[in-house]
Amino acid sequence: SPIIFYIIRFLLGVFEAGFFPGVILYLTYWYPGSRRARIIAMFMSGIAIAGALGGPISGWIMNDMAGIASLSGWQWMFILEGLPATLLGIIVFFYLDDRPENAKWLAREEKALIRHHLDLERADDPMPHHGQAKRHSAWEAFKDPKVYVLSFAYFCFICGVYVISFWLPTFIKEMGVQNLLHVGLLAFIPYGITAVGMVLIGRHSDQKLERRWHCAIPAFIGAFGLVAMVHLPADNIVLGLVFLTIASLGI
């Protein structure tokens, strides 16, 4: 029922809430700030890659597996796409170590090199704390206005991400494409371009060591793409995909 769906969707949000900030924190233990934009872009490109690959695969599953073992196509999609992710999550939990010095799969020289770059960054900190990283409490974060400004900005990004990821198949169907496999294949276009663009923009941000405009300009471009989609004729597939791609890449 709709109520059960809302409850399950809410619980899913609760359980995954710590995942993204946890990964970002984890990456700071492995990569210095000068490399972090491209690394975060590579991590987040997983969203776009999942959309690019998942679109055609989901379309095929829902088209061709409906009715097998008395299950609907969408039920097979949840099983076949959910199980590999679940199993991989268990493997990663045991394989990934907290910090480079704990990694059994790194040579001693590799551990020393990573630690050297991280220590260099700490040494260049304009606010050193007597050789030790200052510990901050959660309450300090709640008292800092910048946290709320940045949280609101990121909230707006996430709204855009969910508009694309949840409604992209619907947008394409409203353009006149009814075959689910074809919907998935067309969804590959904006997601594929987005995955490449994210990594290139992140790499350029690291090269220039500039963050503000590398975030703001794509945000405005993404907003333009979303607004333009609203005013397009519903049957114009080419223009629709162009603005979908602009919105997805910008976001």
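**As for the packing of helix H3 (residues 36-64) against helix H4 (residues 73-95)**
Move 1: One can describe the packing of H3 onto H4 by two numbers: an axis separation of 8 Å at closest approach and a directional angle of 130°. Here H3 is positioned oblique relative to H4, judged by the angle of their axes. Two packed elements cross with a definite hand, and for H3 against H4 that hand is right-handed. In this structure, H3 contributes Gly54, Ile57, Ser58, Ile61 and Met62 to the contact, and H4 contributes Gly73, Trp74, Trp76, Met77, Leu80 and Glu81.
Move 2: Residue composition of the contact of H3 with H4, grouped by class: seven nonpolar, three polar and one charged.

**Quick look at the state of the cysteines**
Move 1: As enumerated under the stated definition, the model contains zero disulfides in all.
Move 2: Free of any disulfide, Cys159 has its nearest neighbouring cysteine sulfur in Cys156, separated by 6.1 Å.
Move 3: Residue classification places Cys159 among the partly exposed positions, given a relative accessible area of 34%.

**A word on the pattern of salt bridges**
Move 1: For the structure shown, the criterion picks out four salt bridges.
Move 2: Its salt-bridge partner being Arg115, residue Glu101 comes within 3.2 Å of it at the nearest N-O pair. Residue Glu101 is located in the loop between H4 and helix H5 (108-123), and its partner Arg115 is located in helix H5; the two are separated by 14 residues in the primary sequence.
Move 3: By relative accessible area, Glu101 is classed as partly exposed at 40%.
Move 4: Asp119 serves as the salt-bridge partner of Arg115, at 3.6 Å between the closest nitrogen and oxygen. With Arg115 and Asp119 both in helix H5 and four residues apart, the pair spans about one turn of that helix.
Move 5: We classify Arg115 as partly exposed; its relative accessible area is 24%.

**Some points on a nonpolar patch on the surface**
Move 1: On the surface, a cluster of nonpolar side chains totalling about 1100 Å² of accessible area is made up of Ile3, Ile4, Phe5, Tyr6, Ile7, Ile8, Phe10, Leu11, Val14 and Phe15.
Move 2: The residue Ile8 is located in helix H1 (residues 2-16) in this model.

**Observations regarding the packing of aromatic side chains**
Move 1: Considering all chains together, one arrives at 11 aromatic pairs under this definition.
Move 2: When the centroid spacing of 5.7 Å and the interplanar angle of 20° are considered together, the rings of Phe20 and Tyr154 count as stacked. Taken together, the residues Phe20 in helix H2 (residues 19-28) and Tyr154 in helix H7 (residues 145-174) connect sequence positions 134 residues apart.
Move 3: Residue classification places Tyr154 among the partly exposed positions, given a relative accessible area of 34%.
Move 4: Geometry around Tyr29 places Arg99 over its ring, the cationic atom sitting 3.9 Å from the centre.

The rules behind each value
- Residues numbered from 1 in each chain as written.
- Predicted model: local features only at pLDDT ≥ 70, side-chain atom pairs only at ≥ 80, totals over all residues.
- Heavy atoms only, no water.
- Axes fitted to C-alpha atoms, helices over the stretch in contact; angles between N-to-C directions.
- Helix = DSSP H or I, 4+ residues; strand = E, 2+ residues; numbered from the N terminus.
- Parallel < 35°, antiparallel > 145°, perpendicular 65-115°, else oblique.
- Left-handed = near helix turned anticlockwise from the far one by under 90°.
- Contact = heavy atoms within 4.5 Å.
- Nonpolar A, V, L, I, M, F, W, Y, C, P; charged D, E, K, R; others polar.
- Disulfide = S-S within 2.5 Å.
- Buried < 20%, exposed > 50% of the residue type's maximum accessible area, 1.4 Å probe, protein only.
- Salt bridge = Lys/Arg side-chain N within 4 Å of Asp/Glu carboxyl O.
- Patch = residues over 30% accessible without salt bridge, like charges linked within 9 Å, V, L, I, M, F, W, Y side chains within 5 Å.
- Areas by Shrake-Rupley, 256 points an atom, 1.4 Å probe, with all protein chains shown as cover.
- Phe/Tyr/Trp six-rings, centres within 6.5 Å; stacked < 30°, edge-to-face > 60°.
- Lys NZ or Arg CZ within 6 Å of the ring centre and 35° of its normal.

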